[in-house]
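# Tertiary structure, described
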There are 2 protein chains.
Amino acid sequence: MTNFEEALTKTRQQVDTYLQSLIHAWQGRIPVRLSSAMAYSLMTPGKRFRPFLTLNFVELLGGVSHQALPVAAAIEMVHCYSLIHDDLPAMDNASLRRGQPTVHVKFDEATALLAGNSLLTEGLYLLSDTKTHSNPQTRLELIQGLLEASGGKGMMGGQMLDMESSTKFYSLSEIEHLQNLKTGAMIAFSCAAAGLIMHVQSSLLKNLEKYGYNLGLAYQIRDDLMDVESTALVVGKPVGQNQQAQKPTFVSLLGVEGARKKAEDLVEECLSLLESFGPKSDLLRSATLFVLHRAF
Amino acid sequence: MTNFEEALTKTRQQVDTYLQSLIHAWQGRIPVRLSSAMAYSLMTPGKRFRPFLTLNFVELLGGVSHQALPVAAAIEMVHCYSLIHDDLPAMDNASLRRGQPTVHVKFDEATALLAGNSLLTEGLYLLSDTKTHSNPQTRLELIQGLLEASGGKGMMGGQMLDMESSTKFYSLSEIEHLQNLKTGAMIAFSCAAAGLIMHVQSSLLKNLEKYGYNLGLAYQIRDDLMDVESTALVVGKPVGQNQQAQKPTFVSLLGVEGARKKAEDLVEECLSLLESFGPKSDLLRSATLFVLHRAF
């Protein structure tokens, strides 16, 4: 295992242990079926990449990553809320997530709806807690950041635009806007949250966000490329899902080479930004490059 | 019109105007289809009873109701979020709400899901805004209160228990618990929010909550009674919905007379509590009595 893979594993264990303690505290306070569905979603094996960003940016900025666990956990809870709702029959109608039955398949649709909603509110509540950060102003900034990233001006807005993308013509900048809202905003917040916790200057905060948006776009392009490349390489497998859904992508608009180049440029910019944040950025450099070579 | 009806109309106009200004500010920041669905839900004619409670309790406690408009609006937004999701096919599968097509009928299921979620986050964001209250600690308390009332430990938990009530045996105290979570928590928060805004002592805050829970239960019992009485009186109309769904209610557990007596006792307790809050409680007295005689 590389240092990065080791660090990713360590983060996952830290975050999972913390999430387990939260789940434990729900007993007797949230109805059993509801908390079971919430816990099922949270504990489906995931890479915890967003928490990884938050914890490692806190360290890079001179803090102790352990102190950022509540914020990292809140981000993962809101991420899981979005996955549960995204998988619902009215949305992507997915039956598998991370190799396991989705929440509405394992439980039922209504329970999945309520479990998603409850993960959102529990995640936000965590941010409001004194234990998360001693400064009330900082807690409010974290709450505002997460609300903006996850709501109509962020992730929900992106999902709306994505739903409409099969029937509307989108230009390259519109696709970028869509992806920035749909996945970029939450990744950008995962990075910016570290800056809020560490009370950095607004210019640095902006750059943390910029890093996150670039990384999110690079990831999305990589995803689009895999969708096409697996079609070309693996004969007999279903045709690329984007093409099937007639959704415009970076690949359909830029071509394979153009898309690959754009992803590389974005990652290059991420690496430059990293250098400006602090000297000990090796793990985050690996995480950035990881986006170009792996799917997650 | 009585003074109370006039006051209810005035509140509705104030709240509607304020909500319109919020909707206006979404332009260009939230995708059109999404913000249209959010606005459609918010602007479906409603009594705005929860905002009425918040605004009038602020006045009773010596404040200016106008200053509590953002909080009242946030409560209404979260109320509308719950109505949109409650009406979805996976939940109550309702096609009409307040006499108009429900959001998923007017738009589609996915849009309704996203619109509900976005109303929740916008409502919470409103509470985090400096304009809502100058004290950051108070804003955090309002956010925590709304999160607790609306999440797994409140409204979502109550909806989960309600879904299970067709197949499980519930005792009277379990039904009370279910209703306290499902509707009581949000009504209690509508009252307690006034206390948070006005920085009242914790004993008064508890009594404001108690008033809200009692009022919520009295309303629910009245609702159960109407379900039965309309069946008995109006021949040829569909049988009571609770009976159809085989859901235990206050009426099925206490009988018509017992349920009526319980509602009257709860309202009586509400009126005593009101007297302890302040001398100018006429409007709130009328609102309390209204629960026994009207459905809303």
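Here, the structure is the one placed above.
Presented here is an overview of the structure given in this document. (Residues numbered from 1 in each chain as written. Chains lettered and ligands numbered in written order. Predicted model: local features only at pLDDT ≥ 70, side-chain atom pairs only at ≥ 80, totals over all residues. Heavy atoms only, no water.)

### Quick look at the overall build of chain A
Summing up its helical and strand segments, chain A has 13 helices and two strands in all. Scaling as 2.2 N^0.38, a compact globule of 296 residues should have a C-alpha radius of gyration of about 19 Å, and chain A matches this with 19 Å. Overall size of chain A, expressed as C-alpha extent along the three principal axes, is 50 × 50 × 40 Å. Once local pairs closer than 6 in sequence are excluded, the contacts in chain A between residues at least 24 apart make up 71%. When the accessible surface of chain A is split by element, carbon and sulfur atoms take 51% of a total near 12,500 Å². Between the averaged position of the 26 positive side-chain charges in chain A and that of its 30 negative side-chain charges there is a distance of 4 Å. (Helix = DSSP H or I, 4+ residues; strand = E, 2+ residues; numbered from the N terminus. Rg over C-alpha atoms; globule rule 2.2 N^0.38 Å. Contact = heavy atoms within 4.5 Å. Areas by Shrake-Rupley, 256 points an atom, 1.4 Å probe, with all protein chains shown as cover. Lys, Arg positive; Asp, Glu negative; His and termini not counted. Charge placed at Lys NZ, Arg CZ, Asp CG, Glu CD.)

### Considering the relation of the copies chain B and chain A
Each copy of the chain is related to the other by a rotation around an axis and a translation along that axis. Least-squares fitting of chain B to chain A yields an RMSD of 0.0 Å, with the transformation described by 0.0 Å of translation along the axis and a rotation of 180°. On the angle and the small slide along the axis, the relation comes out as a two-fold axis. In this assembly the copies share their binding face: 100% of the residues contributing to the interface of chain B also contribute to that of chain A. (Least-squares fit on C-alpha atoms with pLDDT ≥ 70 in both.)

### Quick notes on the packing of helix H3 (residues 49–60) of chain B against helix H9 (residues 172–197) of chain B
Residues and elements named next belong to chain B. Contact geometry of H3 with H9 gives a least axis separation of 8 Å together with a crossing angle of 25°. Between H3 and H9, the crossing angle belongs to the class labelled roughly parallel. Considering how the two elements wind past one another, H3 and H9 form a crossing that is right-handed. Of the residues in H9, those in contact with Arg50, Leu53, Thr54, Phe57 and Val58 of H3 are Ile187, Ser190, Cys191, Ala193, Ala194 and Ile197. Across the contact of H3 with H9, the residue classes tally to eight nonpolar, two polar and one charged. (Axes fitted to C-alpha atoms, helices over the stretch in contact; angles between N-to-C directions. Parallel < 35°, antiparallel > 145°, perpendicular 65-115°, else oblique. Left-handed = near helix turned anticlockwise from the far one by under 90°. Nonpolar A, V, L, I, M, F, W, Y, C, P; charged D, E, K, R; others polar.)

### Some details on the interface of chain B and chain A
Tallying the contact residues gives 45 residues for chain B and 45 residues for chain A. Roughly 4,000 Å² of surface becomes buried between chain B and chain A when both sides are summed, with 70% attributable to carbon and sulfur atoms. Inspection of the region where chain B meets chain A yields four salt bridges. One salt bridge connects B:Glu122 with A:Lys153, and the closest N-O pair in it is separated by 3.3 Å. The tally of links from chain B across to chain A stands at eight residue pairs in polar contact (both at pLDDT 80 or more). Sorting the residues of the side of chain B that touches chain A by element identifies helix H2 (32–43), helix H4 (69–87), helix H6 (109–128), helix H7 (136–150) and helix H8 (155–164) of chain B as the ones contributing at least two each. Top contributing element to the side of chain B that touches chain A by residue count: H6(B), with 13 residues. Among the residues forming the side of chain B that touches chain A, the class breakdown is 22 nonpolar, 13 polar and 10 charged. (Buried area = accessible area lost by both parts, 1.4 Å probe. Salt bridge = Lys/Arg side-chain N within 4 Å of Asp/Glu carboxyl O. Polar contact = N/O pair within 3.5 Å; in protein donor to acceptor, adjacent residues only side chain to side chain.)

### Looking at empty space enclosed by the protein
Residues and elements named next belong to chain A. For the structure shown, the criterion picks out four cavities of 30 Å³ or more. Counted as a void, the largest cavity has a volume near 100 Å³. As for the largest cavity, its lining consists of Tyr40, Ser41, Thr44, Cys80, Leu83, Ile84, Asp87, Arg97, Arg98, Pro101, Thr102 and Val103. Every element with two or more residues in the lining of the largest cavity is listed here: helix H2 (32–43) and helix H4 (69–87). Counting residues per element, the lining of the largest cavity draws most heavily on H4, which supplies four residues. (1 Å grid on protein atoms, 1.4 Å probe; cavity = no way out; pocket = protein on both sides within 12 Å on 5 of 7 lines; lining within 4 Å. Points joined across faces, edges and corners; volume = space filled by probe spheres on them.)

### Overview of the packing of aromatic side chains
Residue and element names in this part refer to chain A. If you walk through the whole model with that rule in mind, you get 12 aromatic pairs over all chains. When the centroid spacing of 5.9 Å and the interplanar angle of 65° are considered together, the rings of Tyr40 and Phe107 count as edge-to-face. Residue Tyr40 is found in helix H2, and its partner Phe107 is found in the loop between helix H5 (103–106) and helix H6 (109–128); the two are separated by 67 residues along the sequence. On the basis of an interplanar angle of 75° and a centroid distance of 5.7 Å, the ring pair of Phe57 and Phe277 is categorised as edge-to-face. Of this pair, Phe57 sits in helix H3 (residues 49–60) while Phe277 sits in helix H12 (residues 250–277), and the two are 220 residues apart along the sequence. Assigned by exposure class, Phe57 and Phe277 land together as buried. Put simply, the rings of Phe4, Phe49, Phe52 and Phe290 pair up and form one aromatic cluster. (Phe/Tyr/Trp six-rings, centres within 6.5 Å; stacked < 30°, edge-to-face > 60°. Buried < 20%, exposed > 50% of the residue type's maximum accessible area, 1.4 Å probe, protein only.)

### Quick look at the pattern of salt bridges
Residue and element names in this part refer to chain A. Applying the stated criterion to the full structure yields 30 salt bridges over all chains. Across the salt bridge formed by Arg48 and Glu76, the nearest N and O atoms sit 2.7 Å from each other. Here the residue Arg48 occupies a position in the loop between H2 and H3, and Glu76 occupies one in helix H4, the gap between them amounting to 28 residues. This pair shows no difference in class: Arg48 is buried, exactly as Glu76 is. When salt bridges with common partners are traced through the structure, they connect Asp16, Arg48, Glu76 and Arg98 into a single cluster.

### Things to note about the side chain of B:Arg50
All names here are of chain B. One can find Arg50 in helix H3. Here Arg50 sits buried without a salt bridge, and the closest side chain of opposite charge, Glu76, lies 5.7 Å off (N-O distance). Beyond its immediate stretch of four places on either side in the chain, Arg50 contacts Ile75, His79, Ile187 and Ser190.

### Examining the packing of H12(A) against helix H13 (residues 282–293) of chain A
Residue and element names in this part refer to chain A. Contact pair H12 / H13: the axes reach a minimum separation of 10 Å and the direction vectors enclose 175°. Taken as axis vectors, H12 and H13 run roughly antiparallel relative to one another. Contacts between H12 and H13 involve Ala263, Glu264, Val267, Cys270, Leu271, Leu274 and Glu275 on the former and, on the latter, Leu284, Arg285, Thr288, Leu289 and Leu292. In terms of residue class, the contact of H12 with H13 is built from eight nonpolar, one polar and three charged.

### Focus on H3(A)
Residue and element names in this part refer to chain A. Taking 1.5 Å per residue, 12 residues should reach 16 Å; H3 reaches 16 Å between its end C-alpha atoms and fits that length. Burial analysis of H3 places 11 of its 12 residues in the buried class, the great majority of the element. Looking only at H3, the buried set comprises Phe49, Arg50, Pro51, Phe52, Leu53, Thr54, Leu55, Asn56, Phe57, Val58 and Leu60. Residue Gly62 follows H3 closely and has a positive phi angle near 95°. (Expected span 1.5 Å × (residues − 1).)

### What to know about the environment of A:Met91
You can see A:Met91 is positioned in the loop between H4 and strand S1 (96–97). C-alpha of A:Met91 to C-alpha of A:Lys182: the two residues are 91 residues apart in sequence and 14 Å apart in space. If sequence neighbours within four positions are ignored, A:Met91 has contacts with A:His85, A:Asp86, A:Gln159, A:Met163, B:Ala110, B:Leu113 and B:Leu114.

### Some points on the state of the cysteines
Summed over the entire model, instances satisfying the criterion amount to zero disulfides over all chains. Free of any disulfide, A:Cys270 has its nearest neighbouring cysteine sulfur in A:Cys191, separated by 8.4 Å. (Disulfide = S-S within 2.5 Å.)

### Considering unusual backbone geometry
Residue and element names in this part refer to chain A. The residue Arg98 is not glycine, and still its phi comes out positive at about 50°. Within the fold, Arg98 resides in the loop between S1 and strand S2 (100–101). Its relative accessible area of 30% is what places Arg98 among the partly exposed residues.

Keep in mind these values describe shape, not function.
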